[in-house]
Amino acid sequence: MSHPEVHGVVILARNGDRSECYQDPITQKSDYTQSTPLGEVQAHQLGTYLRNLYLNPSSPSHIRGIHSDLVDLEEVHVRVKVGGEGASVFDSATALLQGLFPPNPANRITLANETTVMAPLNGYQYIPVETVEPTNDRSLEPWTDCPAFEKHVQDVQNSADFKEVSKNAQPFFNALKDFVFGRELSMQNIYNVWDYVNSELIHNKTYAHRLPPTFIEQARGYANLREDAIYSDKAMAGIGNIASRAALSSILKALQRIAFNGDPLQLMIIETTYQPFISFFHQTGVIDSHPELKAIPDFGSALAIELRRAPPPDARDFLRFKFRNGTSEDFRTIHVFKHHEDIPVTEFIYRLENSVIDSNREWAQACSINSESSWLSLPAQATTGSKLADASLGIFLALFMTLMMFFVGKAIRRRRSVRLAGPEDRLSAPPSEVVVQLRNEKAHIPF
């Protein structure tokens with residue numbers, strides 16, 4: 001069925017090249033990384049590609065009615081993961097936006113004194129982004145600090161299939177020993193091994209000249225096997241799919257906004273790392289027809305979800321999915337849920353709605369976290385960098401919380417001591433304003 005008009009697009013983009021990244025084999029927490037000029041170029045190329053495809057009026061995929069020269073901030077929304085891998089994801093989002101909306105001399109203003117002022121850098125367009133930090137929003141990094149997911153990782157790595165792959169990989173690990181300089185060589189740690197080898201191969205000329213042929217392909221192959229097993233699940237709502245289950249909350253809400261004619265949003269960009277791609281392809285059944293996608297996507301990859309409208313009299317909205325692996329290929333159409341054509345928006349939402357994680361509370365339930373205080377508190381890695389300072393800060397916070405609880409409790413008792421005129425069954429005092437406020441906050445903790 002032909003649905004030629006594109007009314008809006010949601011883009012899931014992977015960050016560009018960055019420095020080596022260590023990821024804990026169990027908790028999956030990543031170290032801080034820095035973007036490289038190569039990574040910024042990759043992200044900028046992606047932005048330029050998206051501009052030519054969706055903002056160019058002569059393109060058959062041009063988004064109908066969107067402002068393409070000067071950005072309309074009501075039409076574009078950007079969310080950026082700023083948890084694991086740190087600034088490299090944010091830098092990639094910035095570079096992507098530079099390619100998507102390049103400087104324009106028309107970005108100027110005339111002041112009251114008739115002076116015309118152009119934005120710096122020949123009309124640079126400053127586009128705000130929404131940073132998504134796992135300390136208060138789990139939608140883009142739900143797999144860390146999640147006990148159920150850590151158990152899933154351990155179960156995968158203790159499985160018979162994983163142990164068999166580990167056994168078969170030993171000869172390769174023995175041959176690779178001289179090229180990883182003391183790093184643990186195991187299937188549990190293969191992502192870190194591959195990431196190191198890949199980073200050195202790209203950035204270190206001496207290393208690139210010494211690394212034997214096929215070593216990078218073998219390391220990548222084993223890393224793909226592990227990451228695909230970790231970030232997938234046989235059940236659509238399984239804990240292994242948690243990366244896409246949480247990201248889909250933002251995606252579905254954006255699609256609903258785009259479909260609503262009264263909402264100006266037409267382009268949503270989500271800049272993240274590789275994990276949601278793997279989970280999404282499993283959760284929506286894409287791997288059934290595209291098994292090659294059971295792998296880590298390359299830097300600068302992107303998934304485009306186009307909302308297209310059928311011509312009259314069928315005024316329904318449909319979705320078309322396109323994937324681009326890295327920066328060296330074009331988008332290719334992929335199909336979800338074994339459809340061989342565009343899928344109606346309503347069917348896509350219906351199939352996913354019971355598996356999507358829509359709030360921090362639902363994330364805590366999925367992760368088998370019983371105490372809300374444990375997931376509302378700061379993560380374990382939030383430190384000052386000094387053990388003495390951390391200890392002092394911990395003692396101070398404990399004393400501060402004790403005093404706060406004392407004064408709040410005293411205020412509650414004081415309120416409850418008030419007696420009103422009337423029968424005894426009406427004497428119970430209302431809860432304090434503090435308790436009401438906390439209850440409201442816990443009842444409404446959206447992404």
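Residues numbered from 1 in each chain as written. Predicted model: local features only at pLDDT ≥ 70, side-chain atom pairs only at ≥ 80, totals over all residues. Heavy atoms only, no water.

As annotated in an unreviewed UniProt entry, the protein chain is Phosphoglycerate mutase-like protein from Trametes coccinea.

A. Broad picture of the overall build of the protein chain. Along the backbone of the protein chain there are 15 helices and 10 strands. For the protein chain, the proportion of its 447 residues judged to be buried stands at 48%. Long-range contacts, defined as pairs at least 24 residues apart, comprise 71% of the intrachain contacts of the protein chain with a sequence gap of at least 6. With the model as given, the accessible surface of the protein chain reaches about 22,400 Å², and the carbon-plus-sulfur share is 56%. (Helix = DSSP H or I, 4+ residues; strand = E, 2+ residues; numbered from the N terminus. Buried < 20%, exposed > 50% of the residue type's maximum accessible area, 1.4 Å probe, protein only. Contact = heavy atoms within 4.5 Å. Areas by Shrake-Rupley, 256 points an atom, 1.4 Å probe, with all protein chains shown as cover.)

B. Representation of the nonpolar core in the model. Counting residues in each nonpolar core, the largest one holds 41 residues, and the members touching the most others are Cys146, Phe149, Leu176, Val197, Tyr231, Ile242 and Trp363. Of all the elements in the fold, those that place two or more residues in this core are helix H4 (147-157), helix H5 (160-176), helix H6 (190-203), helix H8 (215-230), helix H9 (242-259) and helix H12 (360-366). With residues up to four places along the chain from it excluded, the contact list for Val197 reads Leu176, Val180, Tyr207, Leu211 and Ile216. Listed in part, the 35 residues of the second largest apolar core include Leu12, Phe281, Leu303 and Phe337. (Core = buried A, V, L, I, M, F, W, Y, C linked by side-chain atoms within 4.5 Å.)

C. Fine view of the pairing of strand S8 (residues 317-324). Judged by how many residues are buried, S8 sits mostly within the fold: 8 of 8 residues are covered. With burial as the criterion, each face of S8 is covered, one bearing Asp317, Leu319, Phe321 and Phe323 and the other bearing Phe318, Arg320, Lys322 and Arg324. Bridge count between strand S7 (residues 302-309) and S8: 8 bridges; the pairing is antiparallel. The partner of Leu303 across the bridge, within S8, is Phe323. Two strands pair when backbone bridges link them, and S8 and strand S10 (residues 343-344) are joined in this way by 2 bridges, in the antiparallel orientation. Residue pairing for S10: Phe318 is matched across the bridge by Pro344. (Pairing = 2+ DSSP bridges.)

D. Spatial organisation of unusual backbone geometry. Unusually for a residue other than glycine, Leu121 sits at a positive phi of about 60 degrees. Secondary-structure assignment places Leu121 in helix H3 (residues 120-123). Using a relative accessible area of 62% as the deciding quantity, one classes Leu121 as exposed. For Asp145, which is not glycine, the phi dihedral falls at a positive 55 degrees.

E. The arrangement of the pattern of salt bridges in detail. Taken as a whole, this structure holds 20 salt bridges when the rule is applied. Notably, a salt bridge pairs Glu20 with Arg183, separated by 3.4 Å at the nearest N-O pair. Placement of Glu20 in the loop between strand S1 (5-14) and helix H1 (37-55) and of Arg183 in the loop between H5 and H6 is noted, with a sequence separation of 163 residues between them. Residue Arg183 is classed as partly exposed on the basis of its relative accessible area of 30%. Between Asp137 and Arg79 there is a salt bridge; the shortest N-O distance is 2.9 Å. Residue Asp137 is located in the loop between strand S5 (130-132) and H4, and its partner Arg79 is located in strand S2 (residues 76-81); the two are separated by 58 residues in the primary sequence. For the pair Asp137 and Arg79, one class covers both residues: buried. In this structure, a network of salt bridges that share partners links the residues Arg18, Glu85 and Asp195. (Salt bridge = Lys/Arg side-chain N within 4 Å of Asp/Glu carboxyl O.)

F. The arrangement of the packing of H5 against H8 in detail. For the pair H5 and H8, the least separation of the axes is 11 Å and the interaxial angle reads 155 degrees. Between H5 and H8, the crossing angle belongs to the class labelled roughly antiparallel. Classified by chirality, the crossing of H8 by H5 is left-handed. Here H5 contributes Phe162, Val165, Asn168, Ala169, Phe172, Ala175 and Leu176 to the contact with H8, which in turn contributes Phe215, Gln218, Ala219, Tyr222, Leu225 and Arg226. (Axes fitted to C-alpha atoms, helices over the stretch in contact; angles between N-to-C directions. Parallel < 35°, antiparallel > 145°, perpendicular 65-115°, else oblique. Left-handed = near helix turned anticlockwise from the far one by under 90°.)

G. Fine view of the state of the cysteines. By the definition in use, this model includes 1 disulfide. Across the disulfide, Cys146 is cross-linked to Cys367 (sulfur-sulfur distance 2.0 Å). Between Cys146 and Cys367 the sulfur-sulfur dihedral comes to about -105 degrees; the bridge is accordingly left-handed. Here Cys367 lies in the loop between H12 and helix H13 (372-376) and Cys146 lies in the loop between S5 and H4, a separation of 221 residues in the sequence. The class for Cys146 is buried, based on a relative accessible area of 0%. Note on Cys367: relative accessible area 0%, which makes it buried. (Disulfide = S-S within 2.5 Å.)

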